[in-house]
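Examining the three-dimensional arrangement
Take a look at the letters that make up each chain.
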Amino acid sequence: MSPWSMMGAPLPVAIPDDTLRKAGIPRLAASPFDIEQVIGRVQTYHPVADVDLLRRAYLFSQYVHREQRRKSGDPYFVHPAGVAEIITELRLDTASICAALLHDTVEDTPVTLDELARDFGEEVAGLVDGVTKLGKINFISREDRQAENFRKMVVAMAADIRVLLIKLCDRLDNMRTLEHMKPDAQERIARETMEIYAPLANRLGIQSIKGELEDLAFQYLEPDAFRYVHQHLTRTQKERERYIEQVCKTLTSRLAEVGFAVAVSGRAKYAYSIHRKMKENQCDFEQVYDVIAFRVCVESVADCYAALGVVHSKWTPIPGRFKDYIALPKPNMYQSLHTTVIGPGRQRVEIQIRTHEMHRVAEQGVAAHWKYKERIGGGIDPRDAEKFSWLRELADFERNLKDPAEFLETVKIDLFPDEVYVFTPKGDVQVFPRGATPIDFAFAIHSEVGHHCSGARANGQIVPLRYKLQNGDVLEIMTSPQQQPSKDWLEYCVTTRARTRVRSFLRGEQRSKSINLGRELLEGEMHAAGMSLTKFLKNDAEVRRVITALKFGSRDEMLLAVGYGKLDAEEVVRAVKSREPESPEAPREFRASRIEQIVRRVTGKDQPGIRVNGIDNVLIRYAKCCSPLPGDSIVGFITRGRGVTVHRRDCTKAFDNDPDRRIDVAWDARARITRPVQIKVMTQNKPGILAHVSQTFSALKINISEANCRAGDDGRACNIFAFQVADLAQLKNVMKALGRIDGVVQVDRV
């Protein structure tokens with residue numbers, strides 16, 4: 001039986017000590033929450049509030065929590081009292097304040113819901129029940145449990161939105177004292193706050209709670225970043241306060257001169273908001289220009305636009321930084337004019353202009369629409385309730401839907417617009433960050449699907465892999481056994497899972513190619529020394545001796561180092577020969593057989609075009625930037641997994657490469673190869689000139705593979721020809737022959 005039932009009668013306004021003793025309620029130490037002050041505050045916006053009910057809820061909560069302590073050591077009652085105080089700042093009704101005072105009684109004390117309903121009414125008991133159920137939700141859970149918990153939350157919201165408002169205030173008071181929790185609990189609660197409660201506060205338009213929740217969570221989730229922003233804000237506080245005072249005086253006097261009754265205020269933006277801007281713009285604190293925001297509150301909508309004109313006549317507006325949220329309100333009903341101007345000291349200043357009512361809505365959100373009737377209690381005005389129809393729609397949707405996962409998809413679309421919800425062909429819901437692509441979707445299904453993703457269909461239409469997923473898309477992934485991830489995919493995918501899988505695959509591919517390259521380089525070096533790589537690798541004991549001497553853990557690591565250019569193949573050969581240091585020849589068991597030598601000649605391995613440090617048969621790429629020809633002075637660079645890239649020695653791009661990867665290369669005199677080349681022929685723009693040029697190519701038995709001819713306004717023509725030549729000498733002959741043609745002004749190698 002509750003203490004109030006024991007008393008048998010309603011409490012008087014002032015409760016004598018002996019009455020409390022008879023009821024078993026000791027007089028407790030004074031709380032920082034002064035109930036009489038709160039009652040006075042409530043009566044300013046709700047004159048007919050049931051003040052007796054408030055006093056009873058206050059004393060009841062104080063009594064049932066009398067033996068409980070918080071982690072900080074304070075009496076537990078300071079928490080429900082703190083929640084109730086935040087509720088009064090939102091100007092909610094009597095039942096909400098009572099529920100805030102009593103919200104932990106059912107869960108943390110022997111008190112039952114029936115007792116609350118009997119002593120405080122069904123309305124208060126219903127709110128406490130709703131908050132108690134929401135308190136049991138664990139958002140950091142598996143998808144199916146999370147979906148069901150979201151379902152409970154939204155049903156509670158739609159049934160009575162005051163439940164969520166009390167829960168938000170409860171979370172805010174808990175976040176204010178989070179420093180007394182253990183580090184793992186701090187991180188879990190802060191993440192839940194950032195991912196769930198702050199977006200909910202934003203969706204309900206309560207900017208004051210949203211901003212404070214984000215800052216408090218930011219402090220524990222990214223302590224270094226928070227400390228950085230906080231220190232800069234603290235360091236510049238006095239200077240900022242002087243600047244705010246100066247701008248507020250200027251705005252107030254300027255607007256008063258033209259007849260506006262205004263209230264002007266300014267403050268630094270929230271730390272997390274500044275941090276988010278720094279990340280978005282990839283800049284330091286000093287480069288975030290509009291750290292301070294000023295608010296100008298006027299009497300009417302017409303005054304808002306007129307005041308905007310006055311501000312723009314005083315300070316130069318920055319183009320593209322004006323937003324009209326009055327004509328086009330945000331989904332959470334936020335309304336204001338935003339403009340950024342060049343203020344005093346050439347600083348960028350953001351100014352928000354709104355009516356007093358708009359400001360109340362911006363700070364209190366849905367709570368600002370609470371209308372009080374001439375009776376105890378109250379509710380949202382029916383006209384305002386229409387603006388929150390999305391809550392009712394969710395409740396209706398819930399009644400007709402059995403799948404909680406699909407319900408979660410609907411909830412998040414409304415509450416968390418930064419996420420995208422798409423369906424698999426079977427109707428399963430997948431959640432991705434905004435900007436995700438089919439590659440993210442493919443890897444979310446399975447790694448193998450991601451690895452072989454060759455295309456996608458969105459709603460039956462083929463879309464490119466860079467396609468940005470849209471809410472409601474039905475996505476089907478097409479695969480091909482030949483398809484493999486490429487480096488370009490990293491530009492398209494955004495999820496951690498997809499990016500990790502792509503990087504892992506690319507590293508594996510690069511490793512495999514580099515091992516093969518190392519094998520080729522070592523094979524060539526050993527062949528030059530009269531040895532067989534195959535025979536060497538089959539001798540496990542000798543391989544272990546060599547890799548130990550060279551300080552590698554395995555054979556593949558040694559080959560990888562050779563392929564990466566970190567280990568010279570010649571060092572490996574020396575290590576092999578070191579077993580018999582006195583002998584100038586290779587160890588007998590590793591010498592190449594006559595069959596191997598014949599095979600090399602038959603397969604053309606002894607007929608290379610380039611020799612790398614005297615080694616032939618190496619994976620070679622010719623740089624497209626300079627198209628080296630036999631006879632050109634050249635230099636090579638080992639490229640991870642792609643062999644040796646050959647540049648002309650005077651190529652400007654060659655100087656940009658890592659000098660540690662540079663390797664000596666030379667043309668092999670035995671080689672018989674042709675290489676593509678381009679030349680630019682500047683001629684007079686006159687009839688027949690191209691015919692003469694073509695005849696010259698033909699006479700030299702050169703086939704033009706591509707020609708690009710363009711006449712200019714200066715009476716000249718620029719002609720670029722692509723063709724194949726055997727070496728530099730042949731190219732020079734072609735250029736000399738072309739230079740002798742009448743009408744040819746200049747011939748250059750491209």
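Right above here is the structure, for reference.
Overview of the overall build of the protein
A tally of regular secondary structure across the protein gives 32 helices and 23 strands. Out of the 750 residues belonging to the protein, those deemed buried represent 48%. For the protein, restricting intrachain contacts to residue pairs at least 6 apart in sequence, the fraction spanning at least 24 positions comes to 65%. Counting every atom, the protein has about 38,000 Å² of accessible surface; 49% of that belongs to carbon and sulfur.

Quick word on the state of the cysteines
All told, the structure shown has 0 disulfides when counted by the stated rule. C718 takes part in no disulfide bond, and the closest cysteine sulfur to it belongs to C709, at a distance of 8.7 Å. The class of C718 is partly exposed, set by a relative accessible area of 25%.

Description of the pattern of salt bridges
For the structure on display, the rule yields 22 salt bridges. We note a salt bridge from R254 to E257, for which the minimum N-O separation is 3.3 Å. With R254 and E257 both in helix α15 (residues 237-257), this residue pair falls 3 residues apart, about one helical turn. As a salt-bridge pair, D632 and R749 come within 2.8 Å of each other at their nearest N and O atoms. Of this pair, D632 sits in the loop between β15 (620-622) and β16 (634-639) while R749 is found in strand β23 (residues 744-749), placing the two residues 117 residues apart along the sequence.

Focus: the sheet that holds strand β12 (residues 461-463)
Read from one edge to the other, the open sheet built from 3 strands follows the order β12-β11-β13, with strand pairing classed as antiparallel. In the strand order of this sheet, the two ends are held by β12 and β13 (475-479), each with one partner. Strand-to-strand twist of the sheet, defined as the mean angle between neighbouring strand axes without regard to direction, takes the value 35°. Pairing of strand β11 (residues 453-458) with β13 involves 5 bridges; the strand directions are antiparallel. From the neighbouring strand, A456 faces β13, where its bridge partner is I477.

Structural notes on helix α32 (residues 728-739)
With 12 residues, α32 should reach 16 Å at 1.5 Å per residue; the first-to-last C-alpha distance of 16 Å fits that figure. The N-cap residue of α32 is D727: its side-chain oxygen and the backbone nitrogen of A729 are 3.2 Å apart.

Re the environment of I351
Following the sequence through the fold, I351 ends up in strand β6 (residues 348-355). Residue I351 is classed as buried on the basis of its relative accessible area, which comes to 0%. Setting aside residues no more than four positions away along its own chain, I351 makes contact with L251, F294, V296, V311, W315, L337, H338, T339 and V341.

As for helix α8 (residues 113-120)
Three or more residues of α8 are buried, namely E115, L116, A117, D119 and F120. Among the residues trailing α8, G121 stands out with phi positive, at a value near 100°.

Remarks on the packing of α15 against helix α17 (residues 301-314)
Between α15 and α17, the least distance of the axes is 10 Å, while the angle of their chain directions is 120°. One element, α15, and the other, α17, form an angle in the oblique class. By crossing handedness, the relation of α15 to α17 is classed as right-handed. Taking contact as the criterion, the partners of T250, L251, R254 and L255 in α15 are, on α17, A307, V310, V311, S313 and K314. Residues belonging to the contact of α15 with α17 are distributed by class as follows: 5 nonpolar, 2 polar and 2 charged.

Details of the packing of aromatic side chains
A complete count under the given rule lists 8 aromatic pairs for this structure. Each residue in the set F218, F226 and Y272 is aromatic and connected to the rest through ring pairs, giving one cluster. Taking NZ or CZ as reference, R66 lies 4.0 Å from the ring centre of Y63, over its face. Its guanidinium or amino end placed over the ring of Y270, R267 lies 4.6 Å from that ring's centre, counting from NZ or CZ.

Side note on the sheet that holds strand β22 (residues 716-725)
Taken in spatial order, the 4 strands make up an open sheet running β21-β22-β20-β23, and their pairing is antiparallel. Each edge of the sheet is formed by a strand with only one pairing partner; in this case those strands are β21 (704-711) and β23. This sheet shows a mean twist of 15° between the axes of neighbouring strands, independent of strand direction. Sheet topology places β21 next to β22; 7 bridges connect them, and they run antiparallel. If you follow I704 over to β22, its bridge partner there is F723.

Focus: the pairing of β22
Each regular strand carries side chains that alternate between the two faces of the sheet. Summarising the sheet, strand β20 (residues 675-684) and β22 pair through 10 bridges and their orientation is antiparallel. Along β22, the bridge assignment pairs V681 with N719.

The rules behind these values
- Residues numbered from 1 in each chain as written.
- Predicted model: local features only at pLDDT ≥ 70, side-chain atom pairs only at ≥ 80, totals over all residues.
- Heavy atoms only, no water.
- Helix = DSSP H or I, 4+ residues; strand = E, 2+ residues; numbered from the N terminus.
- Buried < 20%, exposed > 50% of the residue type's maximum accessible area, 1.4 Å probe, protein only.
- Contact = heavy atoms within 4.5 Å.
- Areas by Shrake-Rupley, 256 points an atom, 1.4 Å probe, with all protein chains shown as cover.
- Disulfide = S-S within 2.5 Å.
- Salt bridge = Lys/Arg side-chain N within 4 Å of Asp/Glu carboxyl O.
- Pairing = 2+ DSSP bridges.
- Axes fitted to C-alpha atoms, helices over the stretch in contact; angles between N-to-C directions.
- Expected span 1.5 Å × (residues − 1).
- Polar contact = N/O pair within 3.5 Å; in protein donor to acceptor, adjacent residues only side chain to side chain.
- Parallel < 35°, antiparallel > 145°, perpendicular 65-115°, else oblique.
- Left-handed = near helix turned anticlockwise from the far one by under 90°.
- Nonpolar A, V, L, I, M, F, W, Y, C, P; charged D, E, K, R; others polar.
- Phe/Tyr/Trp six-rings, centres within 6.5 Å; stacked < 30°, edge-to-face > 60°.
- Lys NZ or Arg CZ within 6 Å of the ring centre and 35° of its normal.

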